[in-house]
Amino acid sequence: MTRRFPFPIPFGWFQVAYPEDLEPGEVTALKYWARELVLWRDHDGAFHLQDAYCPHLGAHLGVGGKVDGAQLECPFHGWKFDGDGACTNIPYSQRTNKRARVRTYPTIERNGFVLAWYHPHEEPPQWDIPLIPEVGKPEWSDYYKSAYIIRTIPQEMSENGVDPAHFRFVHGTDEVAQMESYNTDGACSEMLSKQAYVTPRGVTWGRIDVWNHGPGFSRIWFSGIVDALNIATTTPIDHDHTHIRFNFAVRKFDDEKMTSSVADAFVKEINKQVQEDTPIWENKRFLPVPALSDSDGPIIKFRKWYSQFYAEPYEVGVG
Ligand code: FES
Ligand SMILES: [Fe+2]
């Protein structure tokens, strides 16, 4: 039996929550990267993401676990662990257990997201997620958010970005963006393109520029008629399900109503596109040797770039 996707889970920074999802002192269970996880926020407000199962006797720390200052207390026998995963207290023993460690994922709060670093071999972060200057500025709107769980992998969704030909057929777009350049540099890729907008006063040119930072974080800039930013994050849930979140911000107009109707229009369009893409994503398979036309986008270059995020061996086989 061949799987639809031959890939292991990629490593990188992934969104695991929004800061507003948890108050300091709260704990929640999550599932990403085919692992059961616990996310908790200590009393100073810092987020900690750890494997869910307590190393003592396996209780799920995200179900009934309690925050005590800067520690997480297991609901089963009250052992405590700090934000680095070390056992700091066994309430019925004089000593702690040094071997009882909870696997801990480096976690940051940035650009209005809680992001965590996943690497199958627990290697430390290899790149950074940049601070996006527009986020949180008074001239810019807050995020307009939408989220989906799709039965596919992040790579397949990202590949859409370098596949201009599908826009006409899947999305019914008459004027497809014209790619000017596509370059990769380490964990980053940059795609610059021009987009024609047909308005009652004729055609106006705008731009759609996309930067990816690793396999799970992309920043899409729309400019021309309006300035807008979409930060799309994709987080693998398991080997064939992905949590995708879109976060739109628009440069504010003087008129507040105008700002929200422009943002709503963007959100509506992206939601329409996701609904159109979903049946393709959920039913296609990855072809390692695709039969391409000379006018397809830089699919192979994209795949080469993306393959650096797989730390475990895999076999792509042939067609
Ligand atoms: S299982 Fe967690 S303290 Fe015993
Ligand atoms: Fe698409």
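Let us look at the structure shown here. (Residues numbered from 1 in each chain as written. Chains lettered and ligands numbered in written order. Predicted model: local features only at pLDDT ≥ 70, side-chain atom pairs only at ≥ 80, totals over all residues. Heavy atoms only, no water.)

1. A word on the environment of Glu 122
So, step 1. Position of Glu 122 among the secondary structure elements: in the loop between strand 11 (113-118) and strand 12 (144-150).
So, step 2. The exposure class of Glu 122 is exposed, given its relative accessible area of 51%. (Helix = DSSP H or I, 4+ residues; strand = E, 2+ residues; numbered from the N terminus. Buried < 20%, exposed > 50% of the residue type's maximum accessible area, 1.4 Å probe, protein only.)

2. Remarks on the sheet that holds strand 10 (residues 107-110)
So, step 1. Sheet architecture is open: 3 strands sit in the order 1-11-10, paired in antiparallel fashion. Among the strands making up the open sheet, the edge pair consists of strand 1 (12-17) and strand 10. Going from strand to strand, the sheet's axes swing by 35° on average, the running direction of each strand aside.
So, step 2. For strand 10 and strand 11, the ladder comprises 4 bridges, and the chain directions are antiparallel. Bridging across to strand 11, Thr 107 finds its partner in Ala 116. (Pairing = 2+ DSSP bridges. Axes fitted to C-alpha atoms, helices over the stretch in contact; angles between N-to-C directions.)

3. Regarding the pairing of strand 11
So, step 1. Within strand 11, 6 of the 6 residues are buried, which leaves it mostly tucked inside the rest of the structure.
So, step 2. With 5 bridges connecting them, strand 1 and strand 11 associate as antiparallel partners. Looking across to strand 11, one finds that Trp 13 is bridged to Trp 117.
So, step 3. Counting the residues in the hairpin turn of strand 10 and strand 11 gives 2 residues, including Asn 111, whose phi is positive at 55°.

4. With respect to the coordination of the iron ion (ligand 2)
So, step 1. The coordination sphere of the iron ion (ligand 2), as far as protein atoms go, consists of Asn 160 (ND2), His 166 (NE2), His 171 (NE2), Asp 277 (OD) and Asp 277 (OD), spread over 2.1 to 2.5 Å.
So, step 2. Each donor residue of the iron ion (ligand 2) lies on one chain, and together they are spaced N-x5-H-x4-H-x105-D. Across the pair, exposure class does not vary: Asn 160 and His 166 are buried alike. (Donors = N, O, S within 2.8 Å, 3.2 Å for Na, K, Ca; no water.)

5. Describing the pattern of salt bridges
So, step 1. Under the counting rule described, the total for this entry stands at 13 salt bridges.
So, step 2. The closest approach of N and O atoms between Glu 122 and Arg 103, which form a salt bridge, is 3.8 Å. With Glu 122 in the loop between strand 11 and strand 12 and Arg 103 in the loop between strand 8 (87-89) and strand 9 (104-105), this pair connects stretches of sequence that are 19 residues apart.
So, step 3. Under the relative-accessibility criterion, Arg 103 is labelled buried at 15%.
So, step 4. One salt bridge connects Asp 227 with Arg 251, and the closest N-O pair in it is separated by 2.9 Å. Of this pair, Asp 227 sits in the loop between strand 16 (217-223) and strand 17 (228-238) while Arg 251 sits in the loop between strand 18 (241-250) and helix 3 (256-283); the two residues are 24 residues apart in sequence, bridging distant segments of the chain. (Salt bridge = Lys/Arg side-chain N within 4 Å of Asp/Glu carboxyl O.)

6. Overview of the layout of surface pockets
A probe as big as a water molecule, rolled over the atoms, marks out the empty space that is left.
So, step 1. Approximately 340 Å³ is the volume found for the second largest pocket.
So, step 2. Among the elements that take part in the lining of the second largest pocket, helix 3 stands out by supplying 3 residues, more than any other.
So, step 3. A per-class count over the lining of the second largest pocket returns 8 nonpolar, 2 polar and 8 charged. (1 Å grid on protein atoms, 1.4 Å probe; cavity = no way out; pocket = protein on both sides within 12 Å on 5 of 7 lines; lining within 4 Å. Points joined across faces, edges and corners; volume = space filled by probe spheres on them. Nonpolar A, V, L, I, M, F, W, Y, C, P; charged D, E, K, R; others polar.)

7. Notes on a nonpolar patch on the surface
So, step 1. A contiguous nonpolar surface patch, about 320 Å² in accessible area, is contributed by Val 198, Val 203 and Trp 205.
So, step 2. Its location among the elements puts Trp 205 in strand 15 (residues 202-213).
So, step 3. Judged by its relative accessible area of 44%, Trp 205 falls in the partly exposed class. (Patch = residues over 30% accessible without salt bridge, like charges linked within 9 Å, V, L, I, M, F, W, Y side chains within 5 Å. Areas by Shrake-Rupley, 256 points an atom, 1.4 Å probe, with all protein chains shown as cover.)

Interpretation in functional terms is not warranted from these geometric data alone.
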